[in-house]
Each structure stands twice: as C-alpha cells, then as structure tokens.
Amino acid sequence: MVLAVTETIQDVHNDFALSLEMAKEGGQKVVGCLCSYSPTELILAAGAIPVGLCGSTQEPITKAEEILSPDQCPKVKATYGRAVAGTCPIFPLADCVIAETTCDGRKKMYELLEREVPMSIMDLPQKPETPAALNHWIEEVRQTKSFLEQQLGVTITDDDLRSAIVMGNKRRKLITDLYYCRIHNPGPINGLEFINTMSKLQYYTDFDQHIATLEKFYSELQQLIEEKHYAHSADQPRILWTGLGNSLGCSKVLELVEECGGVVVCQEGCGGLTRSEDQIVLGENEDPIVAIAKRYLRVTCACMTPNSQRFDDLERLCREFKIDGVIDLAWQFCQPFEIESYRVKELVKDKLGLPFLHVVTDYSQSDTEQLRIRVEGFMERIATRKKYADRRL
Amino acid sequence: MNSGGKKYFAGIDAGSRTTKVVLLNGDSSFVSAIRPTGLNVGETAEKVLAEALVAASAQTHDIQRIVGTGYGRVSLSCADTTVTELSCHALGANCISPDIRMVIDIGGQDSKVIHLDQDGNMVDFIMNDKCAAGTGKFLEMVARTLEMDMDNLSDIHFKGERPCQINSMCVVFVESEIISLIARGESAADIVSGVNHAFANRIGNMAKRLGLKQQCVLTGGVAKNRGLKDALTMYLRTSLTPLGIDPQLNGALGAAVLAQRLSH
Ligand code: SF4
Ligand code: SF4
C-alpha cells in the first residue's frame, strides 16, 4: 500500500538517506536540485540520482539565521540551514548541486551555499518569451552538462540525453495522471494524504522502481474510485492550491483547510500539476539539449515576468477541477509570489467570480489560530456562495 | 414559531481582550454585557452571559439558542454553534442597517475589512498579517508611551495643528519614534494626530485592497477613537455610517442574529 503516509518528513528523509547511502556504496553519484528549473534529465543522462534539497521544515532555520538575516523567506533560510545545520541526513550525500538564479533571496544565498558543496548556478533569464532568452538558457544548460561531466567523471552523449528525456517524460506523465485522479468528485484521497504521498514518492534511487511505485499508487487510486471508496464527500468545498506551501513539512495551512471541511483537489505551481503536465517535446533531428532547455524555460514561477502562462493554467484548472475556491499562499518576505498574488486575485475573484484567499505565513506554528479564522471564514464564504447557487438552480 | 417562552437569542463574542454578550429579544431589542476576557475564556463567557440575563430579567432557560464567535469560540462549551467573527460582523452590521456593505473592524490583536451583501452574508474579507501593526495593540502602545489613556487619543487629536509624520507602524519601534518626537519638542497633540493619520492610512489601504464600498461602518473598541475616525474618513473620502450601538458589540450582535436565524 503506497497510500497513507504517517511518517514525518524527518522519517522520510532518514529512510531515504539510508537507501541513498547504499546506492552510493554501489558506486552511484548523487546530484542535488533546489528548484523546478533544474533540468533533471541531465542528471539522469549522467547516470546519477537526482535529489530535491529544497528546505521545507522549520528546524534548520535557527542555525541559518546565524548567518542570514531573519528577514528572508523561510524557504531560503531552511534550504541554507539544511546544508549548514548538520541535521539533514541527505544533504551531505550530494556530490554536487544544480541551482538557478530565480529570486534574489535564492541567488544571494547560493553564493554562501557554494562554500559547502560544488554548485552549478545557472543564469535563468527572467523574460523567457524573448528570443534571446532561449539562446542564453540553452548555453546555460550546456554548461551544466559539462559541469556534471566534470564533477561526476562521465561523458553525457546525445543518446544518453534522448533516453533521459524518455524517462523524464514517462515520470511526468504518470505524475500528471495521478493528479488527475482527483478530478473525480467524490474523490479517492484527501489533499493532505495525496501531498504527503507525493512528497515522499519524489525521492528515489532506482528509476524503474520509482516508476513501478508511481504506477502502483495510480492503480490503487483507480481501484478506490471503481469500488467507490471515497475519502471525501461530493459536497465538500473543492479547493485549488496555488503559490507555495504544499509539501510534507510545510503544509500547516493546507492541514487547516482540510480540518475546516475543505478538500484540496488540485495544486498549481511547484509541487503541483503544472510542473508535471508540461513535457519535453523532442523534434526530429533536434538537439536534445535544446529540447530540454525549452521545457525548463517554460516553468511558470513568479520569478518570471510577465508569467502569463500561470494565469491561463489557473483558469483552465479552476474549470477542469470544478473548483469552489482558490487559496494562494506566499511565504513571508517572498516578493515574487506576494506581488503576483494581486493578479491571481484579479483572475480568481474578478474574472472567475470565485472566493479567493491569500495567505502569508512562515514555517512556524505560532500563527495557527490567526490562520484558522481566515480559513474558517473562507469556508463560510464558500458555503454561502454554494447555498445561493443551489437556490438559483 | 412557538418555543415555549424561550424568546431570547444569545450571541457571545469571546475576543482576545474582552468578552461581549448580546441577548436579542424576539422583537429585536437587546441587552448586553461586557468584561475583560482574562485567562479563562469559558468561565468569563458564562459570567458575562449571567450578567446579561440579569439585565434582561431573564433565566438561562429563556434562551433558545447560543452562537459563539471570536478568538475564544472553541472554548465556549455553552454555545450551540460557533462561527467566525467575520460572518458575525457582517450579520451585526446588517441588523443595524441592510444598506451597509463594508465593515472595518479594529480589534485588540487583529484588524479586518469585511464586505457583506444585503442579506448580511459575508462575501469577502481581508485581515492584517501576522504582526500587530495596525491593530488596537499599536494604539495602546502609543497611549502608554505618551502616558495617556486611550480616550485621550481621541480628544487631543483635534488639538493637533501640524500632525507629525509617523513612519513606524511597528508596535516595538513606534515607542522610540515617539520618544524622539517628544525630544524634538513636538506637542502631544501633533504626535497623537500624526499617529491617528498614519494608522488610518494603514487601515484605509487594507480597505482599498479589498475594494472600497460606500455605506461603511467602523467597529471594535478602537472605533471609539473619534480622532482616528476623522482621519479615516479623510483618507477614504467617504463618510462612516454611525453605528448607533457600542462598536464593541457588533460581533456579539451578529452572533445573536445568527442564533435567531438558525431558529427559524
Ligand atoms: S517557486 Fe520558483 S523558485 Fe521556488 S522552487 Fe518553484 S520554480 Fe523554484
Ligand atoms: S520564490 Fe519566494 S518562497 Fe521561493 S525562495 Fe524565492 S523568496 Fe522564497
């Protein structure tokens, strides 16, 4: 049974660190990624194991604040803390790390993180739709390929890249199918359980086994749907999650939402559907590096401008998943998501006419009661709207 | 509906600072009671409820339904239903006048702006973030630094001739800012009116972010500060509808209205 993750993020990390150590003893290399812009196909092509190293827990933050000022977003502090606090069992296992110049906090933190581990910091153009942006990014991807070859002592051929693209696409397709299991109403799994499971499944040492686990999870969900074993009822408010804060370890607001009767059925953004449904399209005779570069430049993070694709996606997903309300979470001190939230509000509230809640918080539990009022109020708002819609029918 | 003489509907608003009870009579008149919440929310609520019953010359069994709200609502074991103060403020304001479309509530630890429809449904809201900037706590800090009581923030405001520019909305930093203004020889009146204007801008911007509506009321203990009210009216360029009741009672009134609605 893949379902029902009852472990904490620490348990998941500890277990994974063990299998990672075994893989390393068997001669495998490990490459850390810090963000959705990291082209994992390069790592797969190098025969190494990609590992997400983004910080999603409160505990390393205190250590990070010995160096970074407290006025940074918790993600930046926790990621740095994971490297320097000496408590993360996975971080020391990375042979090298790939990162990108996304937001200012990350970019400047990487200058310090580089002291801990060899890094390839890719220069990410931030107006991705301009023609020059792609050319520049292609060169960055090429350089990272050379970086990996050097660090890992391997040669990455075009054939290696082509098969890595097939692997990556297969994985993304399965993950996308998993997300779409939740279009069913009533659904087979609650948001929190789904997110915990997905957070756990992102870690793998053996690719084929990873695919098999994802397939198993998928058939479990399908079976639940067939047998009408539902985890939530059809009239619970269906929430779309956007922005940040939807992974194991930093999901306190999401937990509150489901405690208060909502169910998070769709996630947009990092940790969500839009990061998996976009595939690498490799044209005939196309340089695989170019195809990889194109795909990763399309990631719709708020560090990009004008990032219009995010809004098209949001609108489509609200309709597809029959959404009753949208929650947009920004971490405290995160300028990109905080400012972009205004446009999310314009879309959700003004254009689609759906209840919208913007939440700003951090990883600590200190504001749980304040957040509860907002979340409960939001649920009351959705309930009223539903009541009136029913009356109109 | 005949409910055997149970003609009262109770609303309890267990706020972070004060607990308020409104007992609504079937004919829409009401009595109220209020006292500091203290440490034991449940116990205080029962005491305030008992006080309100005395004022109404009624007994516990005369109450048909109790709705609880406010920060302490989960501790109200006597409540039949609990809802957030967001919905209650909307219902309270609607009870005062069905034309009201916006409530600005400044509480002890948070402030909020609420939109409501003609039926008293809360249709949108915005609340201040984590910190205490822009809450009643901030004004308390100002009063303490100036060694005044809160009422003076209201009276002295209108004596200010050249309101000081106040830059810090932080509860911690405003103290040192005020001390340096005093050291520079600024008058207390200019400082107070400066504070009220800065505070009004902060709250006013929150209201603008949600969207301004005409027919707005100001509620919460801070609404008694006429200086702030004046500054807010100037900043929003709209008049505030007079509430007609103690502005601290609006949430409890809304809870009582809900108790009545749920009983029909
Ligand atoms: S939100 Fe942006 S910066 Fe953060 S991990 Fe996702 S893509 Fe990277
Ligand atoms: S995009 Fe925002 S949340 Fe993510 S690392 Fe940057 S500042 Fe932090």
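Residues numbered from 1 in each chain as written. Chains lettered and ligands numbered in written order. Predicted model: local features only at pLDDT ≥ 70, side-chain atom pairs only at ≥ 80, totals over all residues. Heavy atoms only, no water.

Here we look at the overall build of chain A
Rule in force here: A helix here means a DSSP run of H or I that spans at least four residues, while a strand means a run of E at least two residues long, and both kinds are numbered starting from the N terminus. Exposure classes here rest on a 1.4 Å probe applied to the protein chains alone. A residue is buried below 20% of its type maximum, exposed above 50%, and partly exposed in between. In what follows, residue pairs with any heavy atoms lying within 4.5 Å of each other are defined as contacts.
For chain A, the helix and strand inventory stands at 14 helices and eight strands. When its C-alpha atoms are laid out on the principal axes, chain A stretches across 65 × 45 × 45 Å. The 393 residues of chain A split such that 56% are buried. Intrachain contacts of chain A at a sequence separation of at least 6 include 75% that bridge at least 24 residues.

Brief notes about the sheet that holds strand S8 (residues 122–127) of chain B
All names here are of chain B. This is how it is decided: A pair of strands counts as paired when DSSP detects no fewer than two bridges linking them. Note on geometry: axes are C-alpha line fits, over the in-contact stretch for helices, and angles between N-to-C directions span 0 to 180 degrees.
Judged by pairing direction, the sheet is mixed, and its four strands sit side by side in the order S8-S7-S6-S9 without closing on themselves. Both edges of this open sheet fall to S8 and strand S9 (216–219), since each of them pairs with a single strand only. Between one strand axis and the next, the sheet turns by 15 degrees as a mean value, whatever way the strands run. Packed onto the sheet, helix H2 (residues 85–96) meets strand S6 (102–106), strand S7 (111–116), S8 and S9 and runs at close to 55 degrees relative to S7.

As for helix H5 (residues 173–183) of chain B
Residues and elements named next belong to chain B. What counts is decided by this rule: In this description, the arc belongs to the directions extending from the helix axis to the C-beta atoms.
For H5, the set of buried residues is Val 174, Glu 177, Ile 178 and Leu 181. Buried positions in H5, seen along its axis, are confined to an arc of 95 degrees and lie on one side of it. Buried residues along H5 sit in contact with helix H3 (136–145) and helix H6 (188–210). Residue Gly 185 follows H5 closely and has a positive phi angle near 90 degrees.

Focus: the site of ligand 2
Residue and element names in this part refer to chain A. Stated precisely, the cut-off is as follows: Throughout, the term near means that a residue has one or more heavy atoms lying within 4 Å of the molecule or strand in question. Throughout, the ten residues Ala, Val, Leu, Ile, Met, Phe, Trp, Tyr, Cys and Pro are labelled nonpolar, Asp, Glu, Lys and Arg are labelled charged, and all others, Gly among them, are labelled polar. Where a domain begins and ends is set by an automatic assignment or by a domain database.
If you check the shell around ligand 2, you find Cys 73, Lys 75, Val 76, Cys 103, Arg 106, Leu 244, Trp 331 and Cys 334 and nothing else. Looking at the shell around ligand 2, its residues break down into six nonpolar, no polar and two charged. Counting contributing residues per domain, the shell around ligand 2 is built from domain 1 (5–164) and domain 2 (232–392), each supplying no fewer than three.

A few points about the packing of helix H8 (residues 191–201) of chain A against helix H10 (residues 252–259) of chain A
All names here are of chain A. Quick reminder of the rule: These descriptions rest on fixed angle ranges, namely under 35 degrees for roughly parallel, over 145 for roughly antiparallel, 65 to 115 for roughly perpendicular, and the rest for oblique.
Running from N to C, H8 and H10 cross one another at 150 degrees; their axes reach a closest spacing of 9 Å. As the angle between them shows, H8 and H10 are arranged roughly antiparallel. Across from Gly 191, Leu 192 and Ile 195 in H8, the residues of H10 making contact are Leu 254, Glu 255 and Glu 258.

Focus: the pattern of salt bridges
Residue and element names in this part refer to chain A. Rules: What makes a salt bridge here is a side-chain nitrogen of Lys or Arg within 4 Å of a carboxyl oxygen of Asp or Glu, nothing more.
For the structure shown, the criterion picks out 37 salt bridges over all chains. Linking Lys 252 and Asp 362 is a salt bridge whose minimum nitrogen-to-oxygen distance equals 3.9 Å. You can see Lys 252 sitting in helix H10 and its partner Asp 362 sitting in the loop between strand S8 (356–361) and helix H14 (368–392), a full 110 residues away along the chain. The two residues Lys 252 and Asp 362 agree in class, both being buried.

Concerning the state of the cysteines
Residue and element names in this part refer to chain B. Counted only if it meets this: Disulfide assignment relies on a single distance test, namely cysteine sulfur atoms paired within 2.5 Å.
What the rule picks out here adds up to zero disulfides over all chains. Here Cys 78 stays unpaired: no disulfide links it, and the sulfur of Cys 88, its closest cysteine neighbor, is 14 Å away. Cys 170 provides the cysteine sulfur closest to Cys 164, a residue in no disulfide bond, and the two sulfurs are 19 Å apart. The buried category is assigned to Cys 164, whose relative accessible area is 9%.

Things to note about the site of ligand 1
Residues and elements named next belong to chain A. Around ligand 1 lies a shell formed by Cys 35, Ser 36, Tyr 37, Thr 102, Arg 106, Leu 244, Cys 270, Cys 301 and Phe 337. Considered class by class, the residues forming the shell around ligand 1 number six nonpolar, two polar and one charged. When residues of the shell around ligand 1 are assigned to domains, at least three fall in each of domain 1 (5–164) and domain 2 (232–392).

Brief notes about the domain arrangement of chain A
All names here are of chain A. Test applied: Two parts lose some accessible area (1.4 Å probe) when they are put together, and adding that loss for both gives the buried area. We define a polar contact as two N or O atoms separated by no more than 3.5 Å, with the added condition that, inside protein, one atom must be a possible hydrogen donor and the other a possible acceptor, whereas residues neighbouring each other in sequence contribute only through side-chain atom pairs.
Domains assigned within chain A are domain 1 (5–164) and domain 2 (232–392). For domain 1 and domain 2, the distance between their C-alpha centres works out to 24 Å. Interface area for domain 1 against domain 2, summed over the two sides, is near 3000 Å², with a carbon-plus-sulfur share of 71%. There are one salt bridge connecting domain 1 and domain 2. At the junction of domain 1 and domain 2, the tally comes to eleven residue pairs in polar contact (both at pLDDT 80 or more).

Structural notes on unusual backbone geometry
Residue and element names in this part refer to chain A. A cis amide bond links Asn 185 with the next residue in sequence, Pro 186, at an omega value of -5 degrees. Take Pro 186: it is sitting in the loop between helix H7 (158–180) and H8. Cis geometry is adopted by the peptide bond preceding Pro 306, which originates at Thr 305 and carries an omega value of 0 degrees. For Pro 306, the location among the structural elements is in the loop between helix H11 (288–297) and helix H12 (308–320).

With respect to the packing of H2 of chain B against helix H8 (residues 250–262) of chain B
All names here are of chain B. At a closest axis distance of 7 Å, the pairing of H2 and H8 adopts a crossing angle of 85 degrees. Considering the angle they form, H2 stands roughly perpendicular to H8. From H2, Cys 88, His 89, Leu 91, Gly 92, Ala 93, Asn 94, Cys 95 and Ile 96 reach across to H8, where they touch Asn 250, Gly 251, Leu 253, Gly 254, Ala 255, Val 257, Leu 258 and Arg 261. Per-class residue counts for the contact of H2 with H8 are nine nonpolar, six polar and one charged.

Side note on the sheet that holds strand S4 (residues 119–122) of chain A
Residue and element names in this part refer to chain A. The strand order across the open sheet formed by four strands is S2-S1-S3-S4, and the pairing between neighbours is parallel. Two strands bound the open sheet, and with one partner strand each, they are strand S2 (49–52) and S4. Here the average twist between neighbouring strands, direction ignored, is 25 degrees. Taken together, the four bridges between strand S3 (residues 96–100) and S4 define a ladder with parallel strand orientation. If you follow Ile 98 over to S4, its bridge partner there is Ser 120. Packed on one face of the sheet, helix H1 (residues 9–25) meets strand S1 (30–33) and S2 and runs near 155 degrees to S2.

Topic: the confidence of the model for chain B
Quick note on the threshold: Each residue carries a pLDDT score, the predictor's own confidence in it, on a scale running from 0 to 100.
On average, residues of chain B score 91 in pLDDT, and 97% of them reach the 70 mark or higher. As scored by the predictor, the complex reaches a pTM of 0.93 and an ipTM of 0.89.

As for the environment of Pro 128 of chain A
Here Pro 128 of chain A shows up in the loop between S4 and helix H6 (131–152). Beyond its immediate sequence surroundings of up to four residues, Pro 128 of chain A is in contact with Ala 133, Leu 297, Met 304 and Thr 305 of chain A.

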